[in-house]
Amino acid sequence: MSRPFTLGAWQVSPDQNKLSLGDQDFFVEPLAMAVLVYFAENPEQVVSLEELIEHVWKGRIVGDHAIYRIINQIRKILGEDQDNAYITTIRKKGYQLVQPVKWRTSQTGSPAATEQSTTNSNKFSAPKTGRTRSTKFLSLVVGLPLLVAAFWIGSHYVTKSVSYRAMQTFNHIKPFSVLIGQEEDAAYSPDGRYIAYAHRSKDKPFFKLYVQSVDGESPRQLTQLAGNDTSPSWSPDGTSLVFVRHHEGQCQIMQIALSGAEGNASPILDCHASGLPNEVIWGRGEHIYYTDSLSAVDPYKIYKYSTKTSKREQLTNPESGKSKGDIHIALSNDNRTLAFSRDLNWGNTEVNILDLETLEVTPLFNLNGWRKALAWSYDDKFLYYIDTNDDIYAYSIQHKFHKQVLSNTDTLHAISAHPSADKLAIMTGETGVDIWGRTMDATGSELPVIQSSEIDLYPEFANQSDDIAFMSLRSGQPQIWIRSQDREYQLSQFTDGRLIPRLRWSPDDRTILATTDTEAYVFDVASKTYKTIWQGSKPARIETASWALDGKSIYFSSDLDGDWQIYQKYLGNDDPPVKITERGGYAPEITTSGHMLFYKYHQNGIWKMNLTDKSVQKLVNDTNIYAYDALYARGNGFYYLSVGKDVNTLTYFDFGTGERQALFPILNPLLDYTISANQKRVLFPKFLNEETEIKILEKRH
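### Brief notes about the overall build of the chain
Counting its secondary structure elements, the chain contains five helices and 54 strands. Here the chain, with 701 residues, has 50% of them falling under the buried criterion.

### Some remarks on the sheet that holds strand β6 (residues 87-90)
The three strands are arranged β5-β7-β6 in an open sheet whose pairing can be described as antiparallel. The sheet terminates laterally at β5 (46-47) and β6, the two strands that pair on one side only.

### Focus on the pattern of salt bridges
Under the criterion given, the structure shown has 19 salt bridges. Lys699 serves as the salt-bridge partner of Asp422, at 2.8 Å between the closest nitrogen and oxygen. Of this pair, Asp422 sits in the loop between β30 (412-417) and β31 (424-439) while Lys699 sits in the segment after β54 (681-698), and the two are 277 residues apart along the sequence. Asp422 gets classed as partly exposed once you look at its relative accessible area, which sits at 26%. Between Glu446 and Lys686 there is a salt bridge; the shortest N-O distance is 3.0 Å. Here the residue Glu446 occupies a position in the loop between β31 and β32 (447-450), and Lys686 occupies one in strand β54, the gap between them amounting to 240 residues.

### A closer look at the sheet that holds strand β24 (residues 348-355)
Strands sit in the order β22-β23-β24-β25 across an open sheet of four strands; the sheet is antiparallel. Each end of this open sheet is capped by a strand with a single partner; those strands are β22 (325-331) and β25 (361-368). With strand direction ignored, the average angle separating the axes of adjacent strands in the sheet is 25°. Examined bridge by bridge, β24 and β25 share seven bridges and lie antiparallel to one another. Paired with Thr349 across the strands is Leu367, a residue of β25.

### With respect to the packing of aromatic side chains
Under the criterion given, the structure shown has 29 aromatic pairs. Seen from their ring centres, Phe5 and Trp103 are 4.8 Å apart, and the 55° between their planes marks the pair as tilted. Residue Phe5 is found in strand β1 (residues 5-7), and its partner Trp103 is found in strand β8 (residues 101-103); the two are separated by 98 residues along the sequence. Trp103 gets classed as partly exposed once you look at its relative accessible area, which sits at 31%. Between Phe598 and Trp607 the ring centres are 6.3 Å apart and the planes differ by 20°, which places this aromatic pair in the stacked class. Taken as a pair, Phe598 and Trp607 share a single burial class, namely buried. Counting every residue linked through ring pairs, the aromatic cluster contains Phe365, Tyr385, Tyr393 and Tyr395. When the ring centre of Trp607 is taken as reference, the NZ or CZ atom of Lys600 above it lies at 4.8 Å. Seen from the ring of Trp436, Lys686 lies directly overhead, with NZ or CZ sitting 3.9 Å from the centre.

### Brief notes about the confidence of the model for the chain
As a note on interpretation, predicted positions should not be read in detail where pLDDT is low. On average, residues of the chain score 84 in pLDDT, and 87% of them are at 70 or above. Within the chain, the element-level pLDDT minimum falls on helix α4 (residues 111-125), averaging 33, and the maximum on strand β18 (residues 280-282), averaging 97. Confidence over residues 107-140 falls short of pLDDT 50; this stretch has five contacts with residues more than four positions distant or in other chains.

### Focus: the state of the cysteines
On inspection of all chains with the given rule, the structure shows one disulfide. Paired by a disulfide, Cys251 and Cys271 hold their sulfur atoms 1.9 Å apart. Across the S-S bond of Cys251 and Cys271 the torsion is about -85°, and the bridge reads as left-handed. Placement of the pair is Cys251 in strand β16 (residues 250-257) and Cys271 in strand β17 (residues 266-271), with a sequence separation of 20 residues. Cys251 sits in the buried class, given a relative accessible area of 3%.

### A look at the pairing of strand β2 (residues 10-13)
The sheet contact formed by β1 and β2 spans three bridges and is antiparallel. In the sheet register, Thr6 faces β2, and the bridge partner there is Gln11. Connecting the antiparallel pair β1 and β2 is a turn made up of two residues, with Gly8 showing a positive phi of about 60°. Two elements, β2 and strand β3 (residues 18-21), share three bridges in a ladder whose sense is antiparallel. Its bridge partner being in β3, Val12 is matched across the sheet by Leu19. What sits between the antiparallel neighbours β2 and β3 is a turn of four residues, in which Asn17 has the positive phi angle 55°.

### Considerations on the side chain of Thr623
Mapped onto the fold, Thr623 is located in the loop between β48 (616-620) and β49 (632-634). The residues contacting Thr623, other than those within four sequence positions of it, are Tyr599, Asn604, Gly605, Ile606, Tyr640, Leu641 and Val643.

### Quick look at the pairing of strand β51 (residues 648-654)
Extensive coverage of β51 is indicated by the burial of six of its seven residues. Of the pairings in the sheet, the one linking strand β50 (residues 637-642) to β51 comprises six bridges and is antiparallel in character. Pairing of Phe638 across the sheet is with Phe653, part of β51. Here β51 pairs with strand β52 (residues 660-666) via six bridges, running antiparallel. Across the sheet, the residue bridging to Asn648 is Ile666, located in β52. A loop of five residues connects β51 with β52, the two strands running antiparallel in sequence, and Gly658 in this loop sits at a positive phi of about 75°.

What counts as what
- In this convention, every chain numbers its residues from 1, walking through the sequence in written order.
- Predicted model: local features are reported for residues with pLDDT of at least 70 only, side-chain atom pairs are reported and counted for 80 or more only, and whole-chain, interface and lining totals are derived from all residues.
- Note that water and hydrogens are dropped before the side-chain values are worked out from all heavy atoms of the structure.
- Put simply, DSSP H or I for four residues or longer makes a helix, DSSP E for two residues or longer makes a strand, and each gets a number counted from the N terminus.
- Only protein chains enter the accessibility calculation, which uses a 1.4 Å probe; a residue is then buried when its area is under 20% of its type maximum, exposed when over 50%, and partly exposed in between.
- At least two bridges found by DSSP between two strands are what make those strands a pair.
- Salt-bridge detection follows one rule: a side-chain nitrogen of Lys or Arg within 4 Å of a carboxyl oxygen of Asp or Glu.
- Geometry is summarised by axes, namely lines fitted to C-alpha atoms with helices restricted to the contacting stretch, and by angles between N-to-C directions that run from 0 to 180 degrees.
- We call Phe, Tyr and Trp rings a pair once their centres come within 6.5 Å, taking the six-membered ring for Trp, and we label the pair stacked below 30 degrees between planes, edge-to-face above 60, and tilted otherwise.
- Only Lys NZ and Arg CZ are tested; either one counts as a charge over a ring when it is within 6 Å of the ring centre and within 35 degrees of the ring normal.
- The pLDDT score gives, residue by residue, the confidence of the prediction method on a 0 to 100 scale.
- Here, two residues are considered to be in contact whenever any of their heavy atoms come within 4.5 Å of each other.
- The disulfide criterion is simple: two cysteine sulfur atoms within 2.5 Å.

Structure below.
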């Protein structure tokens, strides 16, 4: 076993599988200690999964999930030291230990120590001959670079440690906004004296722009016309704002002069209303940076636009079919670097920086969940972000450490940094998500069905009863819950924060099917246990699994061959899945007659496949894959969401007549619906937008 060592604030004793923080001892399993020792033996190096398998698992066949479990176990214990980050994830490369390691000599001595002692004794007793002087000279020549390297590494750690300790927390919060309703997208003026933001009153349908002095003057409304006005950004001279306006399915980037008449905004260029809020930032001179997506299935990209030449340039190119793309941007104060959040697999976020001169993209770190809050510190040394617990962290661009700068109990939605002082404006307030329901007739009213103080998502009706499966954060981590006869209980016991975005009951309601990234699971409802029925390998993914009619196999979507196709996997054997589609397929749903309904990732519509002869027929054209979780085969037809410019409509397609019946409009932005087996009820998650406000964070000593 390896020698004991110090890791940051921890004392590690490998022979006892023990980690000590002060007077507290923590114990890990031997495999976890072996992984930690390997990290310690390779400090500052990016360690890949393949390295861990080779050196720790000794080449044994092991799934990625087993390694993730060990890494999370180590991280959980090291997280007891809340002042330091220890292991960071390097996107697509592996993990990196970011705290210094100091090896200790045991009380009985070590072979290395004994050898060092012997070498020193021999050196001092050697005769002083010319050969000795030559050897000493050679040792000096060889050793000098090592000494310089050691000095550099030591000074690097010292500088990093000093920088970490110098990063102070925000310790003073003061209110800013005074209007009743919701606030979004706060932006400091270049001189830091004003904040522009979007506000919507409780009795109004649209967000309008306001500007308010940080000294407490009354807010002034800037825009008046119909439409949602969001994402304000100041011109470099502080005399104008650019912003995004969405109205009746149209998207425009607008400009308004602060000295002009209220509501007198003029369009700069058109953008596309593709489901997510567009963002815009006014950079140096005439350059404007913004996010845009050309269609519902096109990932959001970052563009640069010149108001002087009207030239548009695409700056990023996220891979199509992998995510929603680049969804949030933050410009550094020196106008040289753009930080942005890239959505990964609809459940995680990759934070990157873009060099605006070279257009080189550098990944920084990953975050769980869909995180859109980024802000540069006034000196561009740190990037502020909000984690999954709504705490604020600072990430050092130079030294690559994370440090918590605000421990928070409120729900945070966004952050904005002061341009010349260490202050932040934060948008805070409660926005809940509960599960509501209604009857299928047009006169039905919406009523809450499942409520909690946390987020409840992805409801799914059982097939043989009124039971409901859903995902909830009420226990602190995403878990599967069951509502049965007015009783709610937790089904899963995950400890790694995984998010399951789709649940499907088996035909007999005894099990529930779920997928997470590269694995498909079946949960036994009675025993509350689960087993993995198929595990793929990265970078290929598994999504949108559904049952066959007999419950003996499942169908799922995967991008294993580079494009999304549908596969079938039989339960009870180890045979690999069989590819069903050849020209694209996503989100399979099996009809009562045994046919398969599905979407295609790059085209609008729903198709039907005869699983016997593999013939394919397109049935409808007025929907796309973002409405995949509202597709249900029931009776002699199927329900789906017809996606319109302004309103989506729950629609029924009859196989016999080929006719469509519009049932009622859908105003919920979460396109996630479940239809009961008897076709009498519908469930859906619903945003509950309550009061939000802007507050200012400061550091006072």
